[in-house]
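Structure assessment
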Amino acid sequence: MVMSIHVPSQPHVFFCVLLTITSAMNLPETDNVLPHSSSPLEQDILIKNILLTHDPNGCFLDSELLLCAMENIMCHTTSEIRVPGLYFDAMARKIVRDIEVVGSQEPLGLIIHKISREILCKCSVEGDSHTRTMVLFDMLRNYRWDAKVVLVLAAFATCYGQLWLLMQPCPVNPLAISIAMLKQLPSNFSALRPRFKALNLLAKAMADVAKCIIKFESLPIKDVKLDKETMTVTKSQIYLSAYWVIKSTLTCSSQIRDLTAMKLEQVHVLSLQSAHRYADLCCFFHFRFQIIHRSNLACHKPLMFSEFHFRHSSSITVAAWELLSLVYKLGRICSQLRWQVDVCHQQIETKLHQKLLDLSEETQVDNQEVLHMLFALRDDTPLIDCSSQKKLGVSELKNKVVICIVSKPEPLPIEELLFLVQQTYDHPHHNKLERSYEIVWVPIPSSDTWTEAEERSFDFLCYSLPWYSVRQPWLLCSEVVTFIKQKWNFKDEPIMVVLDSQGEVTNSNAIDMALIWGDRAYPFSASVEKKLWEEEKWNLQFMIDEIDSLLTKLVHEGRNLCIYGSQNLDWIREFNSKMKEITNAGLQLEMAYVGKRNPSEHERNILATIDLEKLSGSLSFTKIHLFWRRLESMRRSVLRLGKTANTDHILGEVAALLDMDDENGQGWAVMGSGSSMEIVRLHGARLMDCLNLFSVWGKNVGKLGLVGAVKSAVEPPALPGHRCQSRVRPFAEGLIDETEVCNECKRPMEKFVLYKCDTRE
């Protein structure tokens, strides 16, 4: 029989053509593979029978990862898809490594093996495909719907992949060639290309349906209720979709068995009789599959295929058409299910966003519901301890302060990241808190999808940081990400949002607090930030903090210290030359170069010269960056309290340092000692003039201290009419060593001891 076919552009017209061809070819219809072959009553009965086999026991499987592994196998069996070898192998290893079945006593490999045996080895036993499909449902009764489907697809991909390995024409694997010869598999499968093409197309159609089921199962329907009618319709489609995917898998497996049982002479005869027909038919399959999956089908012109030859005796053609009819059916199922799941997603999105807003405004008993809504909607163990790689639930954070570091997958420059670790987990005060708070890293990608570079960055840091992290941040609900961006005001820069033990936000961004005070800022609330600034004093100890261990030691010992900066190497040499003259005269003074804000390669060269010529001490390039970054945090923190440089002494000093630039190629210096509030800041020509006057003020160092002596030389004398102030301080240990400064003239005040008669009886 010879037929000339005009392939129409409309799917329903094509289906009529397909039905006509199927009837003409006497294809078997016992499995009812055509779309409208069952009545609503039959579908209801089928759904009830399927539900009788469903008895989930809490087993959890990452279906999305397993489906990805299945698609990787199919990629190798599809000649049109080329995947770079090294990247593909690395990606595949990572995917397989991360898959596990939580709550099951059997490993994943054994589960897939049992299913493979069921679908492949028992396909010749009595019973139609419906009966065998129900057997598989019963076998998978303890799993969720997405897991049922994906486990069966993984078993099919394993069987198909094993067959494909033995069919490779290139002698890459001698073992595969030996096994293929032992099984007497044909060396030339070109006549079977239509069937392989159809198998690949059907595998893709089944995977597309599985993705829709996975998307529905990942919706937080336990936490956010859907409309009753929407839920009923969607679940019915889920049950039927799962049924048809599993049933289609059995059809594929039967054909795999037929291929392995085919004799050499059968393939040879088929190749001689119909090689030219099968190439055309393969193209026809590919064309029809593309038409089915396009959204605007009417825009494509009809395509003519002339003189397709179909013979009743061609089992290859019959098998290919049988698979193609399933491709078409699953395409319709996928289209309807995708639309229904999108409806569910829209409802969830609206209700979930409102629920998050309500939770943020309400007072909670603890932080569990808030953390569950943020992180655990799709995963019962959404967190991971980066140090031990242990999976954790949000219950681990109960009754604790939780600091969420929200950032891109690459949160901070590595220097700042290490400093943040130093200021929190490595801070001396940390052990006293006994893990009263935990840091959770919440990576948010730059776009809606994760890039390969972002995944690599996350994987690296997830194994390097001492904090907790969201284990699979790509599983975060889009509504949660939107909430974080809008409510928590996350843009591009990292933020540290503090949740108290009740889940209430007490600080919208504590990153500056952490960089300034470290664990001393616990519990990192905005009220604590205000209190710390009220108690803070501007001195070298606060300025240096724990950035450099040597400078910290010098400060704690109360040594005189001078920190300075400049970009002019000649000025640095001249400045250090004068300072050495002063220290040679007997003044005890330590020197440290701290560069400038936003250090560049120029500062690296200066550091190398300072070290080579042994001019003075210095911070490393990394620590220079951290020193100035911490000063920037100080300025932002004080400004958030509504203060200005004119009204706040610390803010004025910090702003002056941050805005310090070389004046005519000259630098600046700050001198002080220990925790004393006496600090003098000089720059430019005024600094050099002060050093030149050492013979004047040097003799006052013993009496007034370093800072007092310098101020007496560089600051103007008291204004005419200035009235001396006096203060009476109760005696306290160490009071005599401190220097008081006059509030008006800013000059050091002399100290006297006052004895007062105690008149109390």
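Presented here is a report on the structure given in the accompanying data block. (Residues numbered from 1 in each chain as written. Predicted model: local features only at pLDDT ≥ 70, side-chain atom pairs only at ≥ 80, totals over all residues. Heavy atoms only, no water.)

1. Some points on the overall build of the protein chain
- A tally of regular secondary structure across the protein chain gives 28 helices and 16 strands.
- Taking all 761 residues of the protein chain together, 50% fall into the buried category.
- Pairs at least 24 residues apart make up 74% of the contacts formed inside the protein chain by residues separated by at least 6 positions. (Helix = DSSP H or I, 4+ residues; strand = E, 2+ residues; numbered from the N terminus. Buried < 20%, exposed > 50% of the residue type's maximum accessible area, 1.4 Å probe, protein only. Contact = heavy atoms within 4.5 Å.)

2. Regarding the pairing of strand E10 (residues 495-499)
- Most of E10 sits inside the fold, with five of its five residues counted as buried.
- Every second residue of E10 is oriented toward a common face, with Ile495, Val497 and Leu499 on one face and Met496 and Val498 on the other, all of them buried.
- Inspection of the sheet shows strand E7 (residues 401-407) paired to E10 by five bridges, in the antiparallel sense. Each residue of the ladder has a partner; that of Val406, found in E10, is Ile495.
- Two elements, E10 and strand E11 (residues 505-507), share two bridges in a ladder whose sense is antiparallel. Bridge pairing in E11 places Leu499 opposite Val505.
- Between E10 and E11, which follow one another and run antiparallel, lie five residues, and Gly503 among them has a positive phi close to 85°. (Pairing = 2+ DSSP bridges.)

3. As for the sheet that holds strand E8 (residues 437-443)
- Spatial strand order, E6-E5-E9-E8-E7-E10-E11: seven strands in an open sheet with mixed pairing. The two strands at the open ends of the sheet, each matched to only one other strand, are strand E6 (390-392) and E11. In this sheet, neighbouring strand axes are inclined to one another by 35° on average, regardless of whether the strands run parallel or antiparallel. (Axes fitted to C-alpha atoms, helices over the stretch in contact; angles between N-to-C directions.)

4. Notes on the sheet that holds strand E15 (residues 668-673)
- Taking strand neighbours across the sheet as the criterion, the five strands line up as E14-E13-E12-E15-E16 in an open arrangement whose pairing is mixed. The sheet terminates laterally at strand E14 (617-618) and strand E16 (679-683), the two strands that pair on one side only.
- Pairing between strand E12 (residues 560-565) and strand E13 (residues 590-593): four bridges, direction parallel. Bridging across to E13, Tyr564 finds its partner in Tyr593.

5. Comments concerning the state of the cysteines
- Scanning the entire structure with this criterion turns up zero disulfides.
- Take Cys462: it sits in no disulfide, and the sulfur closest to it among the cysteines is that of Cys386, at 4.2 Å. (Disulfide = S-S within 2.5 Å.)

6. Considerations on the environment of Gln472
- As for its position among the elements, Gln472 is in the loop between strand E9 (468-470) and helix H17 (478-487).
- Each C-alpha atom, one on Gln472 and one on Phe458, is 9.7 Å from the other, the two residues being 14 residues apart in sequence.

7. Considering the pairing of E7
- The buried fraction of E7 is high, at seven of seven residues.
- Because side chains alternate across E7, one face comprises the buried residues Val401, Ile403, Ile405 and Ser407, and the other comprises Val402, Cys404 and Val406, equally buried.
- With seven bridges connecting them, E7 and E8 associate as parallel partners. The residue of E8 that forms the bridge with Val406 is Val442.

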